[in-house]
Amino acid sequence: MQQGFGTVDAQKTYRRDPADRVTPCTLEDLTLLYHHASGQTHMVISPVPELLACMADGVAMTAGDLHDCLARDYDLGPRDAAEAEIAAHLDALASLGLVRPA
Amino acid sequence: MRHALTLRIGPATFRIGSAWRAPLAQIAHLYAAYPRVEGAIADFTVRLQPTNMLRRWVRPSIFITGDHGLADAAPMSLAHGLLAAEMGMNLQMALGWRRHLLLHASSVEKDGRALVMTGESGSGKSTLAALLGERGWRLMGDEFALLDLECGAILPFPRLVSLKNGAIDVVADAVGEARMGPLLRATAKGDIRHMIPRDGAVSRMDEGATPRLLLFPRFGHRAEERAVGQGEVFMRLTQASTNYVAAGEAGFRALTRFVADVPARAVDFSSGDEAIAMVERLWDERA
């Protein structure tokens, strides 16, 4: 998983838009997200629900901002690796239409 | 169409038309206890028509169509006309029903609570539902369970029970010949015979039940039972639903509620008696 993270742009910002509203539902250790705009159901696991929760107010955030938000509640390990992983998640979430580049 | 009848099964009304008399005569006989609602506005039309003009008489060959059709559906022999009508009704429900979340599952009821069983063709869900329906449970359906989008109840769709191959004799022995349809040999799914549900299954077909237990039966394996996680249950039920995507947010809410509320078990079994003992035990454990 570490491969490819090196190309991530740490300054790239993402935000949640009201148009990308989801209805979440937690089933044991996974979370379902019903995406209203597309009618698609996404099945996600940690840290995606936590990332989306940090972005709940719609403010544009970088992977670094999100790292700081998550680090308040979780031990994320070495910062570089964690930020790279967060950036990769943001990229994936953007391709699913759950967040958008700010 | 030359021959037609309109009947109601659960909440759905079907108008079945046929170029031939025989399949409809069989349908009329097997569905004798169901409300005939001639003149009613039908939810679906099923048509059994010749693949071309000649094929009405020469080696008659049936093409199943209706409000919803499959372009590449293989024509069937007139000897399998009853099966064509049944498949036509299933096809209309699977492709067109929108008022409930449709689960490809059998269901039975006891004390106002429903047991739902889902699995692939051959899993034993129809046979198990048919046998339980003879042992103190009310058969609600062998093919589709209808999940109410508002209240979360399971509603019956008690059409004829479709039995295949080895299951035919097991169920015929339990219910008697009078409630069995003709043996349809060598269909695409092997030998098939239909069973008429008990009177109560039809007379109470408007009564829903709160789901209490979900089973994933699997016939042909050593008896075993395991819990199934909610994520897996959700995934398997979306696969088992023909209209989950079409139902939109209402479907999402109804299905997540079902998964969160209803415990699920996978049960393997090698005989009907073994399966029934497992089902009864699991049910009693939930009491």
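**A few points about unusual backbone geometry**
Phase 1 of the analysis: Here the amide bond leading from Ser46 of chain A into Pro47 of chain A is cis, since omega sits at 15 degrees, within 30 degrees of zero.
Phase 2 of the analysis: Within the secondary structure layout, Pro47 of chain A lies in the loop between β4 (40-44) and α1 (48-54).
Phase 3 of the analysis: In this structure, Asp111 of chain B takes a positive phi of about 55 degrees despite not being glycine.
Phase 4 of the analysis: As for its position among the elements, Asp111 of chain B is in the loop between β6 (100-110) and β7 (113-118).
Phase 5 of the analysis: Its identity as a non-glycine residue notwithstanding, Asn165 of chain B has a phi of 45 degrees, on the positive side.

**Considerations on the confidence of the model for chain A**
Phase 1 of the analysis: Across chain A, pLDDT averages 90, with 90% of residues at or above 70.
Phase 2 of the analysis: In this model residues 1-6 of chain A is a low-confidence stretch, pLDDT under 50, and it forms 4 contacts with partners more than four residues away in sequence or in other chains.

**What to know about the domain arrangement of chain B**
All names here are of chain B.
Phase 1 of the analysis: With domains assigned, chain B is organised as domain 1 (3-96) and domain 2 (100-285).
Phase 2 of the analysis: Here domain 1 and domain 2 have C-alpha centroids that lie 24 Å from each other.
Phase 3 of the analysis: The partner domain 2 presents 24 residues to the 20 residues of domain 1 that form the contact.
Phase 4 of the analysis: Between domain 1 and domain 2 lies a buried interface of about 2,000 Å² when both sides are counted; carbon and sulfur atoms form 70% of it.
Phase 5 of the analysis: Between the two partners, domain 1 and domain 2, sit 2 salt bridges.

**Structural notes on the interface of chain B and chain A**
Phase 1 of the analysis: Contacts between the two partners involve 13 residues from chain B, matched on the other side by 10 residues from chain A.
Phase 2 of the analysis: Around 1,000 Å² of area is buried between chain B and chain A when both sides are counted, 73% of it from carbon and sulfur atoms.
Phase 3 of the analysis: Summed over the three residues of chain B that lose the most area to chain A, namely Gln230, Glu249 and Phe252 of chain B, the buried surface amounts to 45% of that side.
Phase 4 of the analysis: Inspection of the chain B/chain A interface yields 0 salt bridges.
Phase 5 of the analysis: Linking chain B to chain A there are 4 residue pairs in polar contact (both at pLDDT 80 or more).
Phase 6 of the analysis: For the side of chain B that touches chain A, the secondary-structure elements that each account for two or more residues are α6 (230-240) and α7 (244-261) of chain B.
Phase 7 of the analysis: Per-class residue counts for the side of chain B that touches chain A are 6 nonpolar, 5 polar and 2 charged.

**Re the sheet that holds strand β4 (residues 61-66) of chain B**
Either a parallel or an antiparallel arrangement is found when strands of a sheet pair, and the pairing is made through backbone hydrogen bonds.
All names here are of chain B.
Phase 1 of the analysis: Strands sit in the order β1-β2-β3-β4-β5 across an open sheet of 5 strands; the sheet is mixed. Of all strands in the sheet, those bounded by a partner on one side alone are β1 (3-9) and β5 (76-77).
Phase 2 of the analysis: With 5 bridges joining them, strand β3 (residues 44-50) and β4 adopt antiparallel strand pairing. Across the sheet, the residue bridging to Pro50 is Ile62, located in β4.
Phase 3 of the analysis: Along the sheet, helix α1 (residues 22-30) contacts β1, β2 (12-18) and β3; its crossing angle with β1, the most-contacted strand, is approximately 30 degrees.
Phase 4 of the analysis: Those strands touched by helix α2 (residues 81-96) are β1, β2, β3, β4 and β5, and its axis lies near 140 degrees from that of β3.

**Comments concerning the pairing of strand β9 (residues 144-148) of chain B**
The side chains of a regular strand alternate, residue by residue, between the two faces of the sheet.
Residues and elements named next belong to chain B.
Phase 1 of the analysis: Counting buried residues in β9 gives 5 out of 5 residues, a clear majority hidden from the surface.
Phase 2 of the analysis: Of the two faces of β9, the one lined by Phe144, Leu146 and Asp148 and the one lined by Ala145 and Leu147 are each fully buried.
Phase 3 of the analysis: Here β6 runs beside β9; their pairing, made up of 5 bridges, is antiparallel. Pairing of Leu103 across the sheet is with Ala145, part of β9.
Phase 4 of the analysis: Sheet topology places β9 next to strand β10 (residues 154-155); 2 bridges connect them, and they run antiparallel. What sits directly across from Leu146, in β10, is Leu155.
Phase 5 of the analysis: Two successive antiparallel strands, β9 and β10, enclose a turn made up of 5 residues, where Gly152 displays a positive phi of approximately 80 degrees.

**Remarks on the nonpolar core**
Phase 1 of the analysis: Membership of the largest hydrophobic core comes to 38 residues, with the highest contact counts inside it found for Phe14, Ile16, Ile27 and Met93 of chain B.
Phase 2 of the analysis: At the level of elements, β1, β2, α1, β3, β4, α2 and β9 of chain B are the ones that each hand at least two residues to this core.

The rules behind each value
- Residues numbered from 1 in each chain as written.
- Chains lettered and ligands numbered in written order.
- Predicted model: local features only at pLDDT ≥ 70, side-chain atom pairs only at ≥ 80, totals over all residues.
- Heavy atoms only, no water.
- Helix = DSSP H or I, 4+ residues; strand = E, 2+ residues; numbered from the N terminus.
- pLDDT = per-residue confidence, 0-100.
- Contact = heavy atoms within 4.5 Å.
- Domains from an automatic or database assignment.
- Buried area = accessible area lost by both parts, 1.4 Å probe.
- Salt bridge = Lys/Arg side-chain N within 4 Å of Asp/Glu carboxyl O.
- Polar contact = N/O pair within 3.5 Å; in protein donor to acceptor, adjacent residues only side chain to side chain.
- Nonpolar A, V, L, I, M, F, W, Y, C, P; charged D, E, K, R; others polar.
- Pairing = 2+ DSSP bridges.
- Axes fitted to C-alpha atoms, helices over the stretch in contact; angles between N-to-C directions.
- Buried < 20%, exposed > 50% of the residue type's maximum accessible area, 1.4 Å probe, protein only.
- Core = buried A, V, L, I, M, F, W, Y, C linked by side-chain atoms within 4.5 Å.

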